[in-house]
Each structure stands twice: as structure tokens, then as C-alpha cells.
Amino acid sequence: LDLEWEDMLSDREIKALVQQVLYSYGSNRSALCPVRLVLSGAKPGSNTLERLQKLAGFPKSWLGVTILEQSYIQHFASDRDRKRLVYLTADTESVVRSFEPD
């Protein structure tokens, strides 16, 4: 989950983003086949990270969640990683109809 856009978000949108992170974590936790969640761009002192830290158990009890200060593109820098990276956004007209793990 790309958290690097805070500078472009209003306070209301940041609140909604934190709620989306919480929903994504909860849904993933109860999924039959959970995925590894990565929160990238979670900069210390950011409004987003401060709000997340107020959530119960965040981050120590959030198993399967990796929190990165750096951007996702820096973290997944190898050619192999980039070929496997899936970046989903609501701001596209393309629809993912199927997904192959590799």
C-alpha cells in the first residue's frame, strides 16, 4: 500500500486512507490465502503514520505487514522484483481479470 501521497491529500483523505489500510489489513488477515502487505512511504512524523500508530497493536501485532520508510520502487528494486510487482489503483481503466502467482 503506497503511502507516499500524503502531501497531496487533505486531512479527510488521510483519515480515509488510514481506514482503508485498517480494512485491508483486517480483510487480508481473515482471507483464506492472505498476501504479504507492504506499507511503503511511511515516513516518521507523517500524519498518516501517526494515525496508524494510534491503531490497536500497530505495528508490532500486525503480522504479515512490512512497514517501509522508503518508496515501494526503491524497495522492490531488482529486475525480478519489478517483474512480479503488482500495483493496483482505482485510477485506471484496466481491469485485472486473473492473477498468476508467478
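The model shown is predicted, which means the values in this text are computed figures rather than measured ones.

Asks: How do you make sense of the overall build of the protein when you look at a structure like this?
Replies: For the protein, the helix and strand inventory stands at four helices and two strands. Counting from the amino terminus, helix and strand elements in the protein follow one another as α-β-α-β-α-α. Taken over the C-alpha trace, the protein has a radius of gyration of 14 Å; the compact-globule value for 102 residues is 13 Å, and the two agree within 12%. Reported as C-alpha extents along the three principal axes, the dimensions of the protein are approximately 35 × 30 × 25 Å.

Asks: So what exactly am I meant to see when it comes to the confidence of the model for the protein here?
Replies: Any residue range with low pLDDT should be treated as having predicted coordinates unsuitable for detailed reading. The share of residues in the protein with pLDDT of 70 or more is 99%, and the mean pLDDT across the chain is 90. Within the protein, helix 4 (residues 79-84) has the poorest average pLDDT of any element, 86, and helix 2 (residues 47-52) the best, 95.

Asks: I would appreciate a short explanation of the side chain of Glu 6 in the present structure.
Replies: On the secondary structure map, Glu 6 appears in the segment before helix 1 (11-29). Buried charged residue Glu 6 carries no salt bridge. Nearest counter-charge: Arg 51, at 7.4 Å. Reaching out from Glu 6, the side chain makes a polar contact with the side chain of Thr 48 at a distance of 2.6 Å.

Asks: Even after reading the chapter, I still don't get the environment of Gly 45, so can you show me in this structure?
Replies: Tracing the chain through its elements places Gly 45 in the loop between strand 1 (37-39) and helix 2. Sequence spacing of Gly 45 and Tyr 87 is 42 residues, and the spatial spacing of their C-alpha atoms is 25 Å.

Asks: Is there a simple way to explain the pattern of salt bridges in this structure?
Replies: Any two side chains of opposite charge can pair, so long as their charged atoms come close to each other. One pass over the structure, following the stated rule, counts two salt bridges. Here Asp 11 and Lys 15 are joined by a salt bridge, their closest N and O atoms 3.9 Å apart. Of the two residues, Asp 11 and Lys 15 are both situated in helix 1; the distance of four residues between them amounts to about one turn of the helix. Of the residues examined, Asp 11 reaches a relative accessible area of 37% and is grouped as partly exposed. Assessed through its relative accessible area of 43%, Lys 15 is described here as partly exposed. A salt bridge links Arg 51 to Asp 11; the shortest N-O distance between them is 2.6 Å. Of the two residues, Arg 51 sits in helix 2 while Asp 11 sits in helix 1, which places them 40 residues apart along the sequence.

Asks: Sorry if this is basic, but what is going on with unusual backbone geometry here?
Replies: The step from Phe 58 to Pro 59 runs through a cis peptide bond, and the omega angle for that step is -5 degrees. Mapped onto the secondary structure, Pro 59 falls in the loop between helix 2 and strand 2 (65-67).

Asks: How should I be thinking about a nonpolar patch on the surface in this particular structure?
Replies: The grouping of Val 86, Leu 88, Val 96 and Phe 99 at the surface amounts to a nonpolar patch, some 430 Å² of accessible area in total. Within the element layout of this structure, Phe 99 appears in the segment after helix 4. According to the relative accessible area criterion, Phe 99 is exposed, its value standing at 55%.

Parameters and conventions
- By convention here, each chain's residues receive numbers from 1 onward along its written sequence.
- For this predicted model, a pLDDT threshold of at least 70 governs which residues receive local features, and a threshold of 80 or more governs which side-chain atom pairs are given and counted, while totals over whole chains, interfaces and linings are taken from all residues.
- Hydrogen atoms and water are omitted, and side-chain values are computed over all heavy atoms in the structure.
- By the criteria applied, helices consist of DSSP H or I runs no shorter than four residues and strands consist of E runs no shorter than two, each listed in order from the N terminus.
- The atom set for the radius of gyration is the C-alpha atoms, and the globule formula is 2.2 Å times the number of residues raised to the power 0.38.
- Confidence of the predictor at the level of single residues is captured by pLDDT, which takes values from 0 to 100.
- Only protein chains enter the calculation, and the probe is 1.4 Å; a residue is then buried if its accessible area is under 20% of its type maximum, exposed if over 50%, and partly exposed in between.
- Neither His nor the chain ends is counted toward charge; the positive residues are Lys and Arg and the negative residues Asp and Glu.
- For this analysis, a salt bridge means a side-chain nitrogen from Lys or Arg found within 4 Å of a carboxyl oxygen belonging to Asp or Glu.
- Whenever two N or O atoms come within 3.5 Å, that pair is a polar contact, provided that in protein one can donate a hydrogen and the other can accept it, and provided that, for residues adjacent in sequence, both atoms are side-chain atoms.
- Every patch collects residues that have over 30% relative accessible area and no salt bridge, joining them within 9 Å if they carry like charges and within 5 Å if they are nonpolar side chains (Val, Leu, Ile, Met, Phe, Trp, Tyr).
- Accessibility throughout is a Shrake-Rupley quantity obtained with a 1.4 Å probe, and a residue counts as covered only by protein chains that appear here.

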